[in-house]
Amino acid sequence: MFKLKYFIILLMFSAHSSQSAIKQTKGNFEDKFRQLEEILPTPNDYRNAAGEPGRDYWQQKVDYKIDVKLDESKRILTAEQKVIYHNNSPYSLKYLWLQLEQNKFKTDSIASLSSDFGGIGRRGPSTAAPTSSKPAKISYGALRAQQWLDDHDVGYKISNVRDANDKPLKYLINSAQMRIDLSKPLKPGESFEFNLNYQYQLLEENAVSARAGYEHFPDDARKGGNDIFLVAQWFPRLAAYSDYEAWHNKEFLGRGEFTLEFGDYEVSITVPADHIVASTGTLTNDEQVLTTTQRQRLEKAKDAKRPVFIVTAEEALKNERAGTKKLKTWNFKAKNVRDFAWASSRKFMWDAKGYHQESEDMPLVMAMSFYPKEGGDLWKKYSTESVIHTMKVYERFTFDYPYPNSISVNGPVGGMEYPMITFNGPRTTWHEDGSRTYSQAEKRYLIGVVIHEVGHNYFPMIVNSDERQWTWMDEGLNSFLDGVAGREWDPNIPWGVEPRDITGYMKSDIQVPIMTQSDSVLKLGPNAYTKPAAALNILREVILGRELFDFAFKEYSTRWKNKRPTPSDFFRTMEEASGVDLDWFWRGWFYTTDHVDISVDKVYKLRIDTKNPDIEFDLLRKEEADKPTPLFVERERAAGNKTWTERNSEISDFYDKNDRFTVTNKERNKYQQSLADLKPWERKALERAIKENKNYYVVNFSNIGGLVMPILLQLEYADGKKELMHIPAEIWRRAPKAVSKLVVTDKELVQVTVDPKWETADVDMENNHYPRKIIPSRIEIFKSKESKEKVRRDIMHDIKTKAKKPKPKPYKK
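One numbering rule holds for all chains: residues counted from 1, following each sequence as written. Whole-chain, interface and lining totals are the exception, using all residues; otherwise, since this is a predicted model, local features are given only for residues with pLDDT of at least 70 and side-chain atom pairs are given and counted only at 80 or more. Think of the side-chain values as coming from all heavy atoms in the structure, minus any hydrogens and water.

A. Layout of the overall build of the chain. Runs of H or I in DSSP of at least four residues are treated as helices and runs of E of at least two as strands, each being numbered from the N terminus. When helices and strands are tallied, the chain shows 21 helices and 35 strands. In this description the radius of gyration comes from C-alpha coordinates, and the expected globular size is given by 2.2 Å times residues to the power 0.38. Taken against the 2.2 N^0.38 rule, which gives 28 Å for 813 residues, the C-alpha radius of gyration of the chain at 36 Å runs more than 25% over that of a compact globule. Considering only C-alpha atoms, the chain reaches an extent of 125 × 85 × 55 Å along its principal axes. For the exposure calls, accessible area comes from a 1.4 Å probe over protein chains only, and a residue counts as buried if that area is under 20% of its type's maximum, exposed if over 50%, partly exposed in between. Buried residues in the chain amount to 50% of all 813 residues.

B. Layout of the pairing of strand E32 (residues 722-727). As paired strands, strand E31 (residues 711-717) and E32 are joined by six bridges and run antiparallel to one another. Looking at the pairing, Gln-714 lines up with Leu-724 of E32. By this definition, two strands are paired if DSSP reports at least two bridges between them. Linkage of E31 to E32, two consecutive antiparallel strands, is achieved through a turn of four residues, within which Gly-720 is found at a positive phi near 90°.

C. Local environment of the nonpolar core. To qualify as a nonpolar core, a set must consist of buried Ala, Val, Leu, Ile, Met, Phe, Trp, Tyr and Cys residues joined through side-chain atoms within 4.5 Å. The biggest cluster of nonpolar side chains holds 196 residues, and the ones touching the most others in it are Trp-234, Trp-342, Phe-423, Phe-570 and Trp-589. Residues Tyr-604, Leu-606, Leu-675 and Val-698 belong to the second largest nonpolar core, which totals nine residues.

D. Focus on the pairing of strand E23 (residues 364-371). Most of E23 sits out of view: seven of its eight residues are buried. In the sheet, strand E22 (residues 349-356) pairs with E23 via eight bridges, with the strands oriented antiparallel. Paired with Gly-354 across the strands is Met-366, a residue of E23. Pairing of E23 with strand E24 (residues 405-410) involves five bridges; the strand directions are parallel. Bridging from a neighbouring strand, Ala-367 pairs with Ser-406 of E24.

E. Highlighting the confidence of the model for the chain. Summary statistics for the chain give a mean pLDDT of 92 and a share of 94% for residues scoring 70 or more. pLDDT under 50 marks residues 1-19. Its contacts with residues more than four places away, or in other chains, come to 45 contacts. Each residue carries a pLDDT value, the predictor's own confidence for that position, ranging from 0 to 100. Only heavy atoms enter the contact rule, under which two residues are in contact if any of them lie within 4.5 Å.

F. Examining the packing of aromatic side chains more closely. A pair of aromatic rings is counted whenever rings of Phe, Tyr or Trp (Trp by its six-membered ring) have centres within 6.5 Å, and the orientation is called stacked for planes under 30 degrees apart, edge-to-face for over 60 and tilted otherwise. Counting across every chain of the model gives 48 aromatic pairs. Ring plane angle 25° and centroid distance 4.8 Å describe the contact between Trp-350 and Phe-370, whose orientation is recorded as stacked. Taken together, the positions of Trp-350 in strand E22 and Phe-370 in strand E23 put the pair 20 residues apart, joining distant regions of the chain. Under the relative-accessibility criterion, Phe-370 is labelled buried at 1%. Site record: aromatic cluster; members linked through ring pairs are Phe-33, Trp-472, Tyr-556, Phe-570, Phe-571, Trp-584, Phe-585, Trp-586, Trp-589, Phe-590 and Tyr-591. Put simply, a charge is over a ring when the Lys NZ or the Arg CZ is close to the ring centre, within 6 Å, and near the line of the ring normal, within 35 degrees. Between the NZ or CZ atom of Lys-347 and the centre of the ring of Phe-217, over which it lies, the distance is 4.2 Å. The ring of Phe-399 carries the charged tip of Lys-561 above its face, separated from the ring centre by 5.2 Å.

G. Representation of the environment of Asp-509. Its location among the elements puts Asp-509 in the loop between helix H10 (503-506) and helix H11 (524-544). Residues Asp-509 and Thr-593, spaced 84 residues apart in sequence, show a C-alpha to C-alpha distance of 9.4 Å.

H. Molecular detail of the pattern of salt bridges. Salt bridges are counted wherever a side-chain nitrogen of Lys or Arg sits within 4 Å of a carboxyl oxygen of Asp or Glu. Evaluated as defined, the whole model comprises 54 salt bridges. One salt bridge in this structure joins Arg-306 and Glu-385, with 3.0 Å as the shortest N-O distance. Highlighted residues: Arg-306 in the loop between helix H5 (292-301) and strand E19 (308-311) and Glu-385 in helix H7 (residues 376-397), separated in sequence by 79 residues. Owing to a relative accessible area of 52%, Arg-306 belongs among the exposed residues under this scheme. With a shortest N-O distance of 3.1 Å, Glu-374 and Lys-373 are connected by a salt bridge. A relative accessible area of 3% means that Glu-374 is categorised as buried. The class for Lys-373 is partly exposed, based on a relative accessible area of 27%. Several salt bridges share partner residues, and in doing so they unite Asp-220, Glu-320, Lys-347, Lys-373 and Glu-374 into one network.

I. Fine view of the sheet that holds strand E12 (residues 226-231). Overall, antiparallel pairing links the four strands, which are arranged E11-E12-E21-E17 in an open sheet. Two strands lie at the open edges of the sheet, namely strand E11 (213-217) and strand E17 (276-279), each paired on one side alone. In this sheet, neighbouring strand axes are inclined to one another by 10° on average, regardless of whether the strands run parallel or antiparallel. Note: E11 against E12, five bridges, orientation antiparallel. Bridging across to E12, His-216 finds its partner in Asp-227. Where helices are involved, their axes are fitted lines through C-alpha atoms of the stretch in contact, as for all axes, and angles between N-to-C directions lie from 0 to 180°.

J. Here's a closer look at the environment of Asp-569. Mapped onto the elements, Asp-569 comes out in helix H13 (residues 567-578). Linking Asp-569 and Leu-675, residues 106 residues apart in sequence, is a C-alpha distance of 61 Å. If we skip the residues at most four places from it in the chain, Asp-569 touches Arg-47, Gly-51, Tyr-556, Trp-560 and Arg-564. Under this definition, polar contacts are N or O atom pairs within 3.5 Å; protein pairs additionally need one hydrogen-donor-capable and one acceptor-capable atom, and for neighbouring residues in sequence, both atoms have to be side-chain atoms. Polar side-chain contacts of Asp-569 include one of 2.9 Å to the backbone nitrogen of Thr-566.

K. Representation of the packing of H13 against helix H14 (residues 583-591). Across the interface, H13 lies against H14 with an axial gap of 11 Å and an inter-helix angle of 145°. Seen along the crossing, H13 lies across H14 with a hand that is right-handed. Every residue of H14 that contacts H13 at Phe-570, Phe-571, Met-574 and Glu-575 is listed here: Asp-583, Trp-586, Phe-590 and Tyr-591. Considering only residue class, the contact of H13 with H14 consists of six nonpolar, no polar and two charged. By definition, turning the near helix anticlockwise from the far helix through less than a right angle yields a left-handed crossing, and turning it clockwise yields a right-handed one. Gly is placed with the polar residues, together with every amino acid not listed as nonpolar (Ala, Val, Leu, Ile, Met, Phe, Trp, Tyr, Cys and Pro) or charged (Asp, Glu, Lys and Arg).

L. Seen up close, a nonpolar patch on the surface. To count toward a patch, a residue needs a relative accessible area above 30% and no salt bridge. Like charges then connect within 9 Å, nonpolar side chains (Val, Leu, Ile, Met, Phe, Trp, Tyr) within 5 Å. Surface accessibility follows the Shrake-Rupley procedure with a 1.4 Å probe radius. Residue values consider only the protein chains on display as shielding. The grouping of Phe-117, Ile-138 and Leu-143 at the surface amounts to a nonpolar patch, some 250 Å² of accessible area in total. By secondary structure assignment, the location of Ile-138 is in strand E6 (residues 137-138).

M. Geometry of the sheet that holds E32. Ordered by their spatial adjacency, four strands build an open sheet running E32-E31-E34-E35, and the pairing between neighbours is antiparallel. Single-partner strands in this sheet number two, and they are E32 and strand E35 (769-770).

N. Expanded view of H7. For a helix, the expected span equals 1.5 Å multiplied by the number of residues minus one. Over its 22 residues, H7 extends 33 Å from the first C-alpha to the last, a length consistent with the 32 Å expected when each residue adds 1.5 Å. Two axes define the bend at a residue: one fitted to the seven residues ending there, one fitted to the seven starting there, and the bend is the angle between them. The axis of H7 is deflected most strongly, by about 30°, at Tyr-382. Where burial is concerned, most of H7 is hidden: 16 out of the 22 residues are buried.

O. Structural context of the packing of helix H9 (residues 472-489) against H11. Where H9 meets H11, the closest approach of the two axes is 7 Å, and the angle between their N-to-C directions is 60°. Here H11 runs oblique to H9, going by the angle between their axes. Crossing hand, H9 versus H11: right-handed. Residues Trp-472, Glu-475, Gly-476, Leu-477, Ser-479, Phe-480, Val-484 and Arg-487 of H9 form the contact with H11, whose own contacting residues are Ala-528, Tyr-529, Pro-532, Ala-533, Leu-536, Asn-537 and Arg-540. Here the residues of the contact of H9 with H11 sort into nine nonpolar, three polar and three charged. In these notes the angle categories are as follows: under 35 degrees is roughly parallel, over 145 is roughly antiparallel, 65 to 115 is roughly perpendicular, and the rest is oblique.

P. Expanded view of unusual backbone geometry. With an omega of 15°, the peptide bond running from Phe-459 to Pro-460 counts as cis. Along the polypeptide, Pro-460 turns up in the loop between helix H8 (440-455) and H9. Tyr-770 connects to Pro-771 through a cis peptide bond whose omega is 0°. Among the structural elements, Pro-771 can be located in the loop between E35 and helix H21 (795-798). One non-glycine residue, Ser-209, adopts positive backbone phi at about 60°. Backbone geometry places Arg-211, a non-glycine residue, at a positive phi of 70°. Tracing the backbone shows Arg-211 in the loop between helix H3 (205-208) and E11.

The following block contains the structure:
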C-alpha cells in the first residue's frame, strides 16, 4: 500500500489542470490522428478507395518455355528460352525490360560499384572502415567472396535474341537490366513472342552469399565429391509493369528482393541421370525419370499418417558414392506462378506426405522434403511436418493453398522462397564417432525457417506485392503469420515475434520508418520482419481484437490473391473491412520512428468537497494532525523543555479552547443557503455523491516515445484484487504529449501499472508503475585487466619456445 497525493476535488475536476512530465506548449502541437489519405495515392478505377482492385484493374502476364542443361563438372547452366509477353495494360509498349539478377555479381554492376566499405551488408557488417585509433577490418567471408568472384567469370552471356519469326531484336544491357526494343509498339490486348539463349557460371553460395548456387561436399565417397545445386534467379525475367509505376526499373542490389509478373511455365531440366530434382510445378514425365518403386511410394504417401520416403537414406547414400556421365531430362509445368526455381543433387533423400484440405480446386497437396544425409533426423522428423502445419494455419487467415506441391529443400541457402519450393539451411552436426546431433536452437531454426519460407507462398508468391520496394509487405505480414504458426506449434519456443522483441530496435538510433525502400533500410531484420509483425500482433490482440482483425486480414488476402497490392491497398482494406479508423496506427508505426514509451507520472487521490463546514473543517483538522511533527518541536519535547503556554497555563482565552477549524453558524448558514440555491437535479447528484463516498483518482500519463497507443491500465486495490482498464488511443487526439484519466471506484487504489503483460512494445517498463518499483539487476565480479607493462612481449624468454605443428579444428560436415 502507498500514500497517494491527497487533494480536494470540487463538484467538477479538470483532468488537464494537473501536471505531467511532458507539457503541451504553444506552437508544438502535432496531430497524431491526421488522416493518412493526405499522403496515400488517390483512389482510381484501378485501385479504389476501399482498398480493392478497381473495376479497370489490370496486370501483365508472361509465359516462359525454357530448356536448361546443368554442366555439373563446370557448374554452368546453359538454356534456351521462349517468352510470350501479354500486354493487358491500356497502354502501348515500345520496348520490354528484363531483370538480369546474375549480373549483380559483375564488377561493373551498380550493386558492386555502390558497395560501401564498412557499411551494413545483407548479413550485417563484414568490413570496418579505419579510424584514427583502429585499423580497417575485413572478415574472412568478405575476403573469400572477393577472391571467388575474381577467379570466375560471372553474369549472363546472352545471345540469339530473336522474335517469333527468327528476326534479330535490338537490345541493350545496362548493368543488371536489359531492354529489348520492339519493331512496332505492342498495343493493348496484344502479345509478343521472342527467344533468347543464355549461359552463366553458377555461384558457390557459401562463398558469395547469392541466395542460390551450389554447395560442394569434398569429403563424400565419390571421387571429386558431390554438389547440391539450388537454382534461382536463374533466367532473364521480365520486369514488372504496373498501373502505379509503369516499368519497375529498380535494379537488384542484393537486399530488396523481386517484383515479378504471373505466367505459365514449361521447363525441361537436363541433369546427370543419378540426380534427384525438386522444382516449382508438376512433374509431367514421372514415368521416364522415376522408378516404379518411387512412383508407388509417392502414391502411398498421399494418405500416409507420417512422411513416406520416396528415396531412402540408404539409397541416397549409395547414390552419392557413384556417379554417371548419362543425362536425364525432368519436365515440369506450372500455371499462374510468378517465378520458378529448382534444386538438383545425387545426395538427396526424398520424403513426402499428402495434405488433404477442404478445397474444390486443390483437395490434395503433396508436402515434400529433399535433403542430404547431413540433414539427418532433424529433417526426417520435422521438415515435411512443418510444411503441412504451415498450410493448416495460413489457410485460416488467407485462402486454401492453390498449388499441387509444397517442397522444402536443404542446401547452402539459409532460407529463400519460390512458388511451391523453398530452400532451408539448418542441419545436424557430425561427430568423430560417426553420430549426428542437433541443438535445440537448430531444431527451432529448422521449424521456424520452414514455416516462414513456406508461408511466403501466400505472401508474396500469391498476394504479389513489390518486394524490392516494400519488403515489409511480404516479410512483415509473413512474419506475423509465422509467429502465429510457430506459437501454435510450441508456445514455449522463443519465436521472436512478441511486441517485447522489438523494443530494443525501436529505441535505437538505427531505426528507419518501415515504409523505407528495402535497399535503404539500415537493419532489415527488425525493420521489415519483426517490427511490422509486432505491429500486426498488437493490432490483432490489443486494438481490433481477433474477430475484427481476422476478418479484415482474410479480406485483404482474398481480394489480392494473384494480384499486385500496394501499401495503400493493405491500409485501406484493413480499415474498410474492420470498420475502424486506423490512420493513427499506420502513420505512427509505418511512417515514423517514434517508439512506445507511456509513463505513468503521478496519481492523485481526491474526494468530493461537501461544502458542509462540520464535515470539511473536521477533515482539515484530521489532515493537520496527520502531518509529521516538526523536528524542532520533537527535540524540544525530548529534552523536557516546556513551552510558554505550558509554563503560564493560568493565562488563556477563547482561542486556547477553539482552534482554527472551529465551525461557526456563519459558515453553517452559508452552507445551507448554497444548498437552497441548487437546482433539484444538482442537489440530488450532490447528495448521492456524498452518500456513496467513492474514491476519485486522477492518473497522469506522458507520451515520452511519441507513438500514440492505447493505455492498458491495471488497477490494484487494497483488497488484493486487480482490474484491467483499456483506454483507447483516441485519448491522445487533442493532447498527444500528456493526458490524465479520472478513475472513480469504491475501493482504495494501491498500485497502477501500464501495460502489465508487455503487449504494446513499450520500451521502458520502469516508468510503467506508480509508485515506482525497485529495479532488479545483477552485479558482476571481475578481475582487473593487467596493465600494458605486464603483458609486454618477453622476447628473451619466448625465443626458447619450441615450434609445434598446429592441430586443425575438426571440420563441421
